[in-house]
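Residues per chain, in single letters:
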Amino acid sequence: MKSLLSLIVATALLAGAASAQTIDRIKETGQLKLGYRVDAAPLSFQAEDGNPGGYTPLVCAELAQGILNTIKIPNLDVEFIAVDAKDQFEKVAAGEIDLLCGAATITLSRRAVVDFSIPVFADGTSILLPLNAPDNFAELAGKKLGVRRDTTTEAALNNTLTAAGLFAEVVRFADHEVAMAALEGGELDAYFADQSILAALWLSSEQRGNLKLSNAILTVEQHGLAMARGDTEFRLMVDGILSAMYARGVMQKIFETTLPGIQPGEFLRAMFTMAPIPQ
């Protein structure tokens, strides 16, 4: 019993030491390091001027002001650092960035590496197709289906095919632009990605008159801001500021700014009204 009690006390002490590390570092350095994806428009991307753009970086810019107001230091130097899908969580875990402001789906396997804020976006896997293609998923059997490799979308597509007992040729791509070129050129029968990403790809395509975005949603995925594991105080601060942003309608305004003309899905609409009470 004494050994177990010692272990519990030691674990609590370690957790207490970890819980304040990010806040203490921000206070000491006056810096907040925010990671963002350069290739996940409209949620997170690098604009033509080299600056971050999209929904989540704007959320984090507003969040940074809330952090400054909360910890009450004279100035806060906010640095956005570009990351990609392969190294984004490792950079968070290593302390190279304080928050990941990209397009990160919350999963249990990822929570083994990092912690997440309350959800900031709700999305789901959907399909971009040629205009004359069938809308029924079952009719894609035997077709060439594109997906970005090493993503939750790839796993969702494979799981859906297996569950439906269908066979199709799954073509894995390194980025969305190459996949879109293949779809536009007739080399693919369909392309799978998050619905928000497909909407942005469709709107920017010169071939959009020949393409259509399916209404089908294969998965429902919640996105959060990733941060170091075990940093309880920082996570609570971030969640509190985000909750206040939801309550003030800031999150919905950011959506309208970054995705003009696009109506939020039912899950995102629910999120706008169901965030934790900030008090």
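Residues numbered from 1 in each chain as written. Predicted model: local features only at pLDDT ≥ 70, side-chain atom pairs only at ≥ 80, totals over all residues. Heavy atoms only, no water.

**Considering the overall build of the protein chain**
Where we set the bar: Strands are runs of DSSP state E lasting at least 2 residues, helices are runs of H or I lasting at least 4, and numbering of each runs from the N terminus. Type-normalised accessible area, obtained with a 1.4 Å probe on protein chains alone, sets the label of each residue: buried when under 20%, exposed when over 50%, and partly exposed for intermediate values. By definition, residues are in contact when any of their heavy atoms lie within 4.5 Å. Note on areas: Shrake-Rupley with a 1.4 Å probe; residue coverage comes only from the protein chains shown.
Assigned secondary structure in the protein chain consists of 11 helices and 15 strands. Split into buried and exposed, the 279 residues of the protein chain put 45% on the buried side. In the protein chain, of all internal contacts separated by at least 6 residues, the share reaching a separation of at least 24 is 74%. Of the roughly 14100 Å² that the protein chain leaves accessible, carbon and sulfur atoms contribute 53%.

**As for the nonpolar core**
Formally: Remark: nonpolar core denotes a set of buried residues (Ala, Val, Leu, Ile, Met, Phe, Trp, Tyr, Cys) joined through side-chain atoms within 4.5 Å.
Core analysis: the largest hydrophobic core is formed by 53 residues, its most contacted members being Tyr55, Ile67, Leu99, Tyr191, Leu242 and Met251. In terms of residue count, the dominant contributor to this core is helix H3 (residues 55-71) (8 residues). Sequence-distant contacts of Leu99, defined by excluding residues within four places in its chain, comprise Lys33, Leu34, Gly35, Leu63, Leu225, Ala226, Met227, Phe234 and Val238. Counting residues in each nonpolar core, the second largest holds 12 residues, with Leu140, Val147, Leu161 and Phe192 among its members.

**Topic: the sheet that holds strand E3 (residues 44-46)**
Spelled out, the test is: When DSSP locates at least two bridges between a pair of strands, those strands are taken to pair.
Across the sheet, 3 strands lie side by side as E2-E3-E4; this open sheet has antiparallel pairing. A single partner strand is all that each edge strand has here, and the edge strands are strand E2 (39-40) and strand E4 (52-53). As judged from the 2 bridges shared by E3 and E4, these two strands associate in the antiparallel manner. Looking at the pairing, Gln46 lines up with Pro52 of E4.

**Structural notes on the sheet that holds strand E10 (residues 144-148)**
Note the threshold: Note on method: axes are straight lines fitted to C-alpha atoms, helices fitted across the in-contact stretch only, with angles between N-to-C directions ranging 0 to 180 degrees.
Spatially, 5 strands are ordered E11-E10-E12-E9-E13 in an open sheet, and the strand pairing comes out mixed. Since the sheet does not close on itself, it has two edges, and those belong to strand E11 (169-173) and strand E13 (211-213), each with one partner. Each strand of the sheet is rotated relative to its neighbour by a mean of 25°, with strand direction disregarded. Where strand E9 (residues 125-130) meets strand E12 (residues 190-194), 4 bridges bridge the pair, whose relative direction is antiparallel. Each bridged residue has a counterpart across the sheet, and for Ile127 the counterpart in E12 is Phe192. Lying on the sheet, helix H7 (residues 176-184) is in contact with E9, E10, E11, E12 and E13; it crosses E12 at an angle near 150°.

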